[in-house]
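# Inside the fold
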Amino acid sequence: MDINGARVLVAGATGALGAALTAEPVRQGARPAIAGRDRSRLSRISGAHPGVPTVLFDAYDPASCARAAGVAVGELGGLDAVVTAFGTVAERPQPGMADYSASKAALGAWLDAVRREARGSGIRVLDNRPGHLNTGFADRAVTSTAPPMPPGGDPDRLVGAVVTAPATDAERVRTAPDGEPVVERRAR
């Protein structure tokens, strides 16, 4: 998939990683729609990219997720890709984050199955599984207090790998223990 001209929904665009996963595809010619749960941050991100459709959504609400996809399809005339920019600890779960880590691991298993199911239809699925990145995530617990986190990787390096991965027919982008992006392709 060529990113230039691609219609991309960035879900979670209001965070540090989501903002970067919006800016880089725009720089390369993509046409994004952005979705996030914080109205003021969504407005700030859209202000940096005039004309980009926006929609409020909460990943914990399935109806909200469906609505975000519907708005993006309507505004962009279809979708070529969906990028989720939330969730990071499926590969290396941290103490105090068991439920969160399990939900991300379940999403990864679901994406593996969907990838196999959709392959015959020409639909490609890229599973983005970064480890902990220096995005401020450790300071923003969904509930209670965030557990201590190890040093994070460089989010800009991950963004570069995620944006170029579809052109290489990759199936997954993850980070190695040292924070370096690892692009995994299907064995031919």
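Residues numbered from 1 in each chain as written. Predicted model: local features only at pLDDT ≥ 70, side-chain atom pairs only at ≥ 80, totals over all residues. Heavy atoms only, no water.

## Focus on the overall build of the protein
How we decide: In DSSP terms, a helix is any run of H or I states spanning at least four residues, a strand is any run of E spanning at least two, and both are numbered starting from the N terminus. Working definition: with a 1.4 Å probe on protein chains only, accessible area under 20% of the residue-type maximum means buried, over 50% means exposed, and in between means partly exposed. Residues are treated as being in contact if the distance between any of their heavy atoms lies within 4.5 Å. Only the protein chains shown count as cover for residues, and all accessible areas are computed by the Shrake-Rupley method using a 1.4 Å probe.
When helices and strands are counted, the protein shows 5 helices and 7 strands. What you see in the protein, going N to C, is helices and strands ordered as β-α-β-α-β-α-β-α-β-α-β-β. Residue burial in the protein is summarised as follows: out of 188 residues, 43% are buried. The contacts of the protein with a sequence gap of at least 6 include a subset with a gap of at least 24, amounting to 50%. In the form shown here, the protein has an accessible surface area of approximately 9900 Å², with 53% of it arising from carbon and sulfur atoms.

## Concerning the sheet that holds strand β6 (residues 170-175)
For the record, the criterion: By this definition, two strands are paired if DSSP reports at least two bridges between them. Fitting a line to C-alpha atoms yields each axis, with helices limited to the stretch in contact; the angle taken between N-to-C directions then spans 0 to 180 degrees.
The 3 strands lie next to each other as β5-β6-β7, forming an open sheet whose pairing is mixed. In this open sheet, the two strands that pair with only one neighbour each are β5 (127-129) and β7 (181-185). Sheet twist, expressed as the average angle between the axes of neighbouring strands with direction ignored, equals 15°. The pairing of β6 with β7 spans 5 bridges and is classified as antiparallel. Bridge assignment links Val173 to a residue of β7, and that residue is Val183. Contacting β5 and β6, helix α4 (residues 98-118) runs over the sheet at an angle of about 155° to β5.

## Overview of the side chain of Glu24
Here Glu24 shows up in helix α1 (residues 16-27). Judged by relative accessible area, which is 18%, Glu24 ranks as buried. Look past the residues within four positions of Glu24 in its chain and what remains in contact with it is Val159 and Val163.

## Section: the side chain of Thr14
Along the chain, Thr14 turns up in the loop between β1 (7-11) and α1. Taking relative accessible area as the criterion, Thr14 reaches 10% and is therefore assigned buried. Sequence-distant contacts of Thr14, that is, excluding residues within four places in its chain, are made with Ala35, Gly36, Arg37, Asp38, Arg41, Leu42 and Ile45.

## Remarks on the packing of α1 against helix α5 (residues 155-164)
Applied cut-off: Roughly parallel here means an angle under 35 degrees, roughly antiparallel means over 145, roughly perpendicular means 65 to 115, and every remaining angle is called oblique. Whether a crossing is left-handed or right-handed is set by the direction in which the near helix is turned from the far one by less than a right angle, anticlockwise for left-handed and clockwise for right-handed. Only Asp, Glu, Lys and Arg are considered charged in this grouping, and only Ala, Val, Leu, Ile, Met, Phe, Trp, Tyr, Cys and Pro are considered nonpolar; every other residue, Gly among them, is considered polar.
Closest axis-to-axis distance for the α1/α5 pair is 10 Å, and the angle between their directions is 50°. Viewed along their axes, α1 and α5 adopt a mutual orientation that is oblique. Viewed along their axes, α1 and α5 form a crossing whose handedness is right-handed. Between α1, through Leu17, Ala20, Leu21, Glu24 and Pro25, and α5, the contact on the second element is made entirely by Pro155, Leu158, Val159, Val162 and Val163. Counted by class, the contact of α1 with α5 contains 9 nonpolar, no polar and 1 charged residues.

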